[in-house]
Amino acid sequence: FRLIEDVPIPDRLKPGDSAADVFCEIMRLNPKIRNFSIKFYNPEDESSDDTTTEDIDNEEDGESKSSQAQIWLPRQCANKDILKDISDVNFRESSGKNILAVCSEVALENGENMYIPMMDFVVEDTEDSRLLVGDMFRSSSGALLFSGHSFHFWGTKLMPWIKWYDTVEKYYNSESGR
């Protein structure tokens with residue numbers, strides 16, 4: 001994952017920064033986050049790419065389509081070195097099949113759960129696709145990353161569940177989400 005310049009970049013980040021850099025900046029910008037969560041997944045498992053709003057509803061109800069558990073970590077683990085160590089150990093233990101994914105859901109100091117706006121776009125990396133995805137988020141506060149296979153928008157402003165759900169549902173029901 002590498003940060004690209006197609007949307008305004010938060011002040012402390014620069015093009016080419018890693019997903020861990022972006023995540024650590026999101027944590028810095030949101031000091032009330034107490035815990036965050038991660039999952040490990042196999043990018044070769046095509047079922048993980050078919051997320052629908054129904055899947056999001058089921059995950060909210062505690063039912064996950066993924067066979068991997070969501071792991072909650074304290075804020076202090078939002079450190080590039082720690083995240084790299086966690087990812088490296090899991091990668092080795094899974095014979096190089098699983099990779100680390102930061103989840104959208106975070107827990108705040110007051111016990112409330114909020115969501116980091118995160119959205120994936122599986123499109124070929126062309127100038128037109130960068131312009132299209134960049135235009136979608138130009139007025140948003142966040143970062144656009146490219147993994148080599150798809151684009152990933154990570155917002156810096158937390159959202160309550162219903163607002164995040166409405167945002168995802170609106171995207172999936174729009175022409176650009178099909």
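Model, not experiment: these values are computed from the prediction.

**Student:** Teacher, can you tell me more about the sheet that holds strand β4 (residues 99-108) here?
**Tutor:** Across a sheet, paired strands are connected by hydrogen bonds in the backbone, their directions being either parallel or antiparallel. With antiparallel pairing, 4 strands are arranged side by side in an open sheet as β3-β2-β4-β5. Edge positions in the sheet fall to β3 (71-74) and β5 (113-115), since each has one partner strand and no second. In this sheet, neighbouring strand axes are inclined to one another by 40 degrees on average, regardless of whether the strands run parallel or antiparallel.

**Student:** Help me understand helix α4 (residues 127-137) in this model?
**Tutor:** Three or four residues apart is the spacing at which side chains of an α-helix point the same way, because the helix has 3.6 residues per turn. Of the residues making up α4, those classed as buried are S129, V133, G134 and F137. The buried side chains of α4 occupy one side of the element, clustering within an arc of 125 degrees when seen end-on. The outward face of α4, more than 90 degrees from its buried face, is lined by the exposed residues E127, D128, L132 and D135. Close packing links the buried residues of α4 with β6 (118-121), β7 (142-146) and β8 (151-155).

**Student:** Any chance you could explain helix α3 (residues 80-93) here in plain terms?
**Tutor:** Its 14 residues give α3 an end-to-end C-alpha distance of 20 Å, which sits within 8% of 20 Å, the value for a rise of 1.5 Å per residue. N-capping of α3 is provided by N79, with a side-chain oxygen placed 2.7 Å from the backbone N of D81. Among the residues trailing α3, S95 stands out with phi positive, at a value near 55 degrees.

**Student:** Can you help me understand the layout of surface pockets in this one?
**Tutor:** The computed volume of the second largest pocket comes to approximately 440 Å³. Together, 20 residues line the second largest pocket, and M136, F137, S140, M159 and T167 are the ones closest to its centre. Of all elements in the fold, only β6, α4, β8 and α5 (161-172) reach the threshold of two or more residues within the lining of the second largest pocket. Broken down by element, the residue count for the lining of the second largest pocket peaks at 5 residues, all from α5. Here the residues of the lining of the second largest pocket are counted per class, giving 10 nonpolar, 7 polar and 3 charged.

**Student:** Help me understand the confidence of the model for the chain, please; the structure alone is not making it clear to me.
**Tutor:** The predicted structure's coordinates, where accompanied by low pLDDT, should not be read in detail. Looking at the chain as a whole, the pLDDT averages 78, with 79% of positions reaching at least 70. Ranking the elements of the chain by mean pLDDT puts helix α2 (residues 53-60) last with 46 and β5 first with 95. When the criterion is pLDDT under 50, residues 48-58 qualifies, and its contacts beyond four places in sequence or with other chains add up to 18 contacts. Within the model, the stretch residues 62-66 combines pLDDT values under 50 with 7 contacts to residues more than four positions away or in other chains.

**Student:** Can you help me understand the packing of aromatic side chains in this one?
**Tutor:** Within a pair of aromatic rings, the relevant descriptors are the distance that separates the centres and the angle that separates the planes. Scanning all chains against the criterion turns up 4 aromatic pairs. Taking 5.0 Å as the distance between ring centres and 55 degrees as the angle between the ring planes, the aromatic pair formed by Y115 and W161 counts as tilted. Of the two residues, Y115 is situated in strand β5 and W161 in helix α5; the sequence distance between them amounts to 46 residues. Between W161 and Y165, the aromatic rings sit 5.9 Å apart at their centres with planes inclined by 45 degrees, giving tilted as the arrangement. Of this pair, W161 and Y165 both sit in helix α5, 4 residues apart, which is roughly one turn of the helix.

Cut-offs and rules
- Residues numbered from 1 in each chain as written.
- Predicted model: local features only at pLDDT ≥ 70, side-chain atom pairs only at ≥ 80, totals over all residues.
- Heavy atoms only, no water.
- Pairing = 2+ DSSP bridges.
- Helix = DSSP H or I, 4+ residues; strand = E, 2+ residues; numbered from the N terminus.
- Axes fitted to C-alpha atoms, helices over the stretch in contact; angles between N-to-C directions.
- Buried < 20%, exposed > 50% of the residue type's maximum accessible area, 1.4 Å probe, protein only.
- Arc of directions from axis to C-beta.
- Contact = heavy atoms within 4.5 Å.
- Expected span 1.5 Å × (residues − 1).
- Polar contact = N/O pair within 3.5 Å; in protein donor to acceptor, adjacent residues only side chain to side chain.
- 1 Å grid on protein atoms, 1.4 Å probe; cavity = no way out; pocket = protein on both sides within 12 Å on 5 of 7 lines; lining within 4 Å.
- Points joined across faces, edges and corners; volume = space filled by probe spheres on them.
- Nonpolar A, V, L, I, M, F, W, Y, C, P; charged D, E, K, R; others polar.
- pLDDT = per-residue confidence, 0-100.
- Phe/Tyr/Trp six-rings, centres within 6.5 Å; stacked < 30°, edge-to-face > 60°.

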